[in-house]
Amino acid sequence: QVQLVESGGGLVQAGGSLRLSCAASGSAFNIYLMAWYRQAPGKQREWVAGFTSGGTTNYADSVKGRFTISRDNAKVAVYLQMNSLKPEDTAVYYCRYGRGSVFWGQGTQVTVSS
């Protein structure tokens, strides 16, 4: 069974930075199947960042150049470094594992003030 534990959310001013963490556990875990999503109030959940099958990183156009996804295989963890934050980045951020049948973390709130 895959379990995901997220941390790192908080309140920041526009232009600030946050680093989100997602620690994972589970047998036969493929860290490249992990990704970050976010959901703002009243909006659908959207994909933010993840890895291709080849291990390269991909980003939504809205965050490209500002966010960076990274991994730590030894700790079985993924991170999302968020720089130059904007008010429109305000959302609950979720760590997700898998394709098709997926597992979600509990979500961590990110609030960016003007």
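Provided above is the structure to which this section pertains.
The notes below deal with the structure included here.

1. Some details on the sheet that holds strand 3 (residues 18-25)
Piece 1. Strand order in the open sheet formed by four strands is 1-3-8-7, and the pairing between neighbours is antiparallel. Bordering the open sheet on either side are strand 1 (3-7) and strand 7 (67-72), each of which pairs with just one other strand. Averaged over all pairs of adjacent strands, the angle between strand axes in this sheet comes to 15°, irrespective of strand direction.
Piece 2. Two strands pair when backbone bridges link them, and strand 3 and strand 8 (residues 77-82) are joined in this way by six bridges, in the antiparallel orientation. Within strand 8, the residue paired with S21 across the bridge is Y79.

2. Some points on the pattern of salt bridges
Piece 1. Under the defined criterion, the tally for this structure stands at three salt bridges.
Piece 2. Among the salt bridges present, the one from R38 reaches D89, with a minimum N-O distance of 2.9 Å. Separated by 51 residues along the polypeptide, R38 in strand 4 (residues 34-39) and D89 in the loop between strand 8 and strand 9 (91-97) bring together distant segments of the chain.
Piece 3. Accessibility expressed as a relative area gives 5% for R38, which makes it buried.
Piece 4. Taking the relative accessible area as the measure of exposure, D89 reaches 1% and is therefore buried.
Piece 5. As a salt-bridge pair, D89 and R66 come within 2.7 Å of each other at their nearest N and O atoms. Placement of D89 in the loop between strand 8 and strand 9 and of R66 in the loop between strand 6 (57-59) and strand 7 is noted, with a sequence separation of 23 residues between them. In this structure, D89 and R66 share a single accessibility class: buried.
Piece 6. Via salt bridges that share partners, R38, E46, R66 and D89 belong to a single interconnected network.

3. Comments concerning unusual backbone geometry
Piece 1. Although it is not a glycine, V76 adopts a positive phi angle of roughly 50°.
Piece 2. Looking at where V76 falls in the secondary structure, it is placed in the loop between strand 7 and strand 8.
Piece 3. For S84, which is not glycine, the phi torsion reads 50° and is therefore positive.
Piece 4. Examined against the element boundaries, S84 turns out to sit in the loop between strand 8 and strand 9.

4. Some details on the side chain of T108
Piece 1. Within the secondary structure, T108 is located in strand 11 (residues 108-113).
Piece 2. The class for T108 is buried, based on a relative accessible area of 11%.
Piece 3. Within the structure, the side chain of T108 is placed 3.1 Å from the backbone nitrogen of G9, a separation counted as a polar contact.
Piece 4. Ignoring anything within four residues of it in the chain, the contact list for T108 reads E6, S7, G8, G9, L20, A91, V92 and Y93.

Scoring rules and cut-offs
Residues numbered from 1 in each chain as written. Predicted model: local features only at pLDDT ≥ 70, side-chain atom pairs only at ≥ 80, totals over all residues. Heavy atoms only, no water. Pairing = 2+ DSSP bridges. Helix = DSSP H or I, 4+ residues; strand = E, 2+ residues; numbered from the N terminus. Axes fitted to C-alpha atoms, helices over the stretch in contact; angles between N-to-C directions. Salt bridge = Lys/Arg side-chain N within 4 Å of Asp/Glu carboxyl O. Buried < 20%, exposed > 50% of the residue type's maximum accessible area, 1.4 Å probe, protein only. Polar contact = N/O pair within 3.5 Å; in protein donor to acceptor, adjacent residues only side chain to side chain. Contact = heavy atoms within 4.5 Å.

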